[in-house]
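Topology and contacts: notes
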Amino acid sequence: MKALHRMLMATAALALLGLFAFPMWSIWLEAPQYPKGSELGIFVHVDKVEGSRPNDLDNINNLNHYIGMKRIEPDAIPELQYMPMVVIALVGLGLLAAALGRRWVIVVWLMLLVAAGTVGMIDFYQWEYDYGHNLDPHAIIKIDGMSYQPPLIGSKQLLNFTAHSYPSIGFGFIVLAFALGAFVWWSARATVNATERQSP
Amino acid sequence: MSTQTLLRLMVLAVSALIMSCSGNNEAGGGALSGDAASRVYVAPGEKDEFYNFVSGGFSGQLAVYGLPSGRLFRVIPVFSVDPEKGWGYTEETKPMLMTSHGFVPWDDAHHPDMSQTGGVADGKWVFINGNNTPRIARIDLTDFRTKEIIEIPNAAGNHSSPFSTENSEYVVAGTRFSVPIPQEDVSIQQYSEKFKGALSFVKVDPKSGNMNLDFQLLVPGFDYDLARAGKGPSKDWMFMSCYNSEQANTMKEINASQNDKDFIVAINWKKCAELAAAGKGSMMNVDYAHNVYNDETHSASHTMKKQVRVLTADDIKGALFYMPTPKSPHGCDVDPSGELIVGGGKLATVIPVMSFSKMLKAIEGGKVDKMIAGIPVLNYKECLAGEVQRPGLGPLHTEFDGKGFAYTSFFVSSEIVKWSLKDFKVVDRVPTYYSIGHLCIPGGNSTKPWGKYVIAYNKITKDRYLPTGPELTQSAQLFDISGDKMKLLLDFPTIGEPHYAVACPADMIMKNSKKMYQITENKHPYATHKEADTRVERKGNEVHVYMTSIRSHFAPDNIEGVKVGDKVYWHVTNLEQDWDVPHGFAVIGANNSEALIMPGETCTIVWEPKKAGVYPFYCSDFCSALHQEMQGYVRVSNGGSGQLTWNKR
């Protein structure tokens, strides 16, 4: 494996650190009372859940009491405690792969990355399901058959709100890390072949 | 061609001519040319280009309009109580209306003036005068609220005010009515010997905006009318018009209109301030109120101050002059260059334009006609830059477009006259409907006018609007001045009586506009920061309710143990931290008003129940889907232990 490959692999690993600076996912809530430019936003980071502005999360929680949704309390979400560790571990393993220069380590790293992403998405869905369905029986507004689960990805009308759920900048770093890793894995194979062909 | 056909054609041609003529001539009368509507049309959801702060006159308030649409956004309560906003009724705001005469619930607000930096409007504060009980108020443009009111002692009728200096170092307060200083029980016939005018200089803190009465000049007992600070070369000077140099004390309409010339007072305020700081003059015992609203406690404080430094002509030699000006002047307006001072003699047949540089030369050369009470009267001709001949009848007030033209309002001939600052020739005139007082060009009083519109503020509307009985609306009229000819675009009604007004680009203010108050920064002594802290406390016969409101409930909402004879203080904190979610609080039989509480704010309404029973209270601002349910009860008992109970959350 060439030095360039090792460098790219290290970059792939370090790209994941972007998750500590940018949210992975965003949910924007738009309504007649919260028009474009003033909509409420939730950002999901690896280590925190927060509003797009200082009071957004409180305001969302206050509004959600009308439909009996429980308050979104970031402290009550244990994933926010161990997701950072998973990310750090993946960064470490990625750097190790770069140091070792072994393609199979890269394969393992890519698989773990996909696995972590998949588990993350399933977990995110479950939280959304829980918030959307597990409603206070004494809720002010009750509509038979209505649940308030935001879409995993895409837009959905929930009473007066339209929820837009989409990956955010942090997610781009995961994609970048995967793409770089996969490219190194692929192009390193090419150089190995080239070396093998030249060597005899 | 038969004779009949020829005749028909002629009739057609003549009627076409008539139609086209009427189309041109009635520009002011209703048949506006086609694009006027689109020029003032601000589509739904779009925003106006300018803010226009228009005095409410005898309403005592300040109205906020958008231009070019003429839409009214807000009436800021200043000198008059406003039960809609709880202004002057809540415990927090009552101190704002305190004066040396006690609580004064009304005034007559004439001249808003925006704070300036380097001679340009800066969008920080609007100052406005209270004419009747002499005061100056400061309005904060981040939340459009009155933050400070200072009373002016020794004055009576604060008309020549507030008119800021180039960097808002000072705002001024020249008295409209001269009175005995200090006040004493004398014959009105002793006017000329006993009555004096006080011209006050109120220092403005550049950071906080806080006002401080720095010094007063005691001058002859004329009627001081309007003022304008110099700019650029004349920035250290304040010019103030005055009439009644006859010193009449009765039938002033005749007796104060005899002299061919009255005066523009030229005051080197910088020099006066230095002399005052150096201890010139003397301290006089007076009583005046200084009321300040504190943003952190959301409460006003009222203090009485006891002394003011007064300076007489002898104390400030070389810093105070009278410039003669034809007859009974109103405006004295300084052009953007700072060189020309335009008088507006209500009874004058010309518009006199005085020259600042010539005035300095006249002072240097000792071109003094006479002395009045130790004040040199300069020679009119020596200070004159020129006169606008045959301008119209009753010139009042002038603003500037920054493109070399002045616009003067004429009350008697009911028109705006545009004239050139180069040759003092009239270039255009348009009628106003009817009898314009002041006019306003955005930034038209500054070194940087945004000369797109001129707005006329009219005293009379007669047949312009749907009639509303004997009492009719007063009005504003918007004219396009981007071309050579002024063009009427829009009429819009105003609150009270519009006197002066100021306007500035919307961006300057929009970007700083507060959306809410931070609950974490609320230091009101009776604030409740979270529902868990809500409670009711008794202190003798005072009951203090620490209440919160948030969509869609009050906490607590059931209270028992109040007794007839108790004084109940409802301290309501709006816990919302969301944009545009005020809550109201209203309780049956309250002898004051509602409280209208902005997010993060605490307001207090006092309630003194007179009969035993159970009484409701409710949210009076439609806040949410369950606003109707946002209500509660308080039980009032005859006697009993007075032990308070409430539902805890």
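Structural data are supplied above this passage.
Throughout what follows, the structure given in this document is the object of discussion. Only a predicted model underlies this, so the values are computations on that prediction, with no experimental measurement involved.

What counts, and where the lines are drawn
- Residues numbered from 1 in each chain as written.
- Chains lettered and ligands numbered in written order.
- Predicted model: local features only at pLDDT ≥ 70, side-chain atom pairs only at ≥ 80, totals over all residues.
- Heavy atoms only, no water.
- Contact = heavy atoms within 4.5 Å.
- Buried area = accessible area lost by both parts, 1.4 Å probe.
- Salt bridge = Lys/Arg side-chain N within 4 Å of Asp/Glu carboxyl O.
- Polar contact = N/O pair within 3.5 Å; in protein donor to acceptor, adjacent residues only side chain to side chain.
- Pairing = 2+ DSSP bridges.
- Helix = DSSP H or I, 4+ residues; strand = E, 2+ residues; numbered from the N terminus.
- Axes fitted to C-alpha atoms, helices over the stretch in contact; angles between N-to-C directions.
- Buried < 20%, exposed > 50% of the residue type's maximum accessible area, 1.4 Å probe, protein only.

What follows concerns the interface of chain B and chain A. The partner chain A presents 9 residues to the 9 residues of chain B that form the contact. For the pair chain B and chain A, the summed buried area comes to about 770 Å², and 44% of that belongs to carbon and sulfur atoms. In terms of surface lost to chain A, no three residues of chain B exceed B:Arg551, B:Asp578 and B:Leu626, which account for 52% of the buried area on that side. Along the contact surface separating chain B from chain A lie 0 salt bridges. Taken together, chain B and chain A are joined by 6 residue pairs in polar contact (both at pLDDT 80 or more).

This paragraph deals with the sheet that holds strand β31 (residues 436-440) of chain B. All names here are of chain B. Taken together, 4 strands build an open sheet; the order of strands is β31-β32-β33-β34 and the sheet is antiparallel. Every interior strand has two partners, whereas the edge strands, β31 and β34 (487-494), have only one. Geometrically, the sheet is characterised by an average inter-axis angle of 25° between neighbouring strands, direction not taken into account.

We now examine the pairing of β31(B). Residues and elements named next belong to chain B. Most of β31 is tucked away: 5 of the 5 residues are buried. Pairing geometry for β31 and strand β32 (residues 453-458), over 3 bridges, is antiparallel. Looking at the pairing, Leu439 lines up with Ala456 of β32.

All names here are of chain A. Within the secondary structure layout, Ser187 lies in helix α5 (residues 169-198). Look at Ser187 and you get buried, because its relative accessible area is 10%. At 2.9 Å, the side chain of Ser187 forms a polar contact with the side chain of His5.

In this section: the environment of B:Ile372. Looking at where B:Ile372 falls in the secondary structure, it is placed in strand β24 (residues 368-372). In this structure B:Ile372 touches B:Pro220, B:Phe222, B:Phe263, B:Tyr322 and B:Val377, once residues within four positions along its chain are discounted.

To continue, consider unusual backbone geometry. Trans is the prevailing form of peptide bonds, just as negative phi is the prevailing case for residues other than glycine. Residue and element names in this part refer to chain B. With an omega dihedral of 15°, the bond running from Leu67 to Pro68 counts as a cis peptide bond. You can see Pro68 is positioned in the loop between β2 (62-67) and β3 (71-76). Non-glycine residue Phe163 carries a positive phi angle of around 40°. Relative to the assigned elements, Phe163 resides in the loop between β10 (158-160) and β11 (170-175). Although it is not a glycine, Gln247 sits at a positive phi angle of roughly 55°. Relative to the elements of secondary structure, Gln247 occurs in the loop between β16 (237-243) and α4 (252-255).

This part takes up the pattern of salt bridges. Side-chain pairs of opposite charge can arise where the charged atoms are in close proximity. All names here are of chain B. What the rule picks out here adds up to 40 salt bridges over all chains. A salt bridge links Asp236 to Lys270; the nearest nitrogen and oxygen atoms lie 3.9 Å apart. You can see Asp236 sitting in the loop between β15 (223-229) and β16 and its partner Lys270 sitting in helix α5 (residues 269-277), a full 34 residues away along the chain. We classify Asp236 as partly exposed; its relative accessible area is 23%. Judged by relative accessible area, Lys270 falls into the partly exposed class, the value being 34%.

All names here are of chain B. Taken in spatial order, the 4 strands of this open sheet run β3-β2-β1-β35, and their pairing is antiparallel. Of all the strands in the sheet, the pair left with one neighbour each is β3 and β35 (501-505). Recorded for the sheet is a direction-independent mean angle of 20° between the axes of neighbouring strands. Bridge count between β2 and β3: 5 bridges; the pairing is antiparallel.

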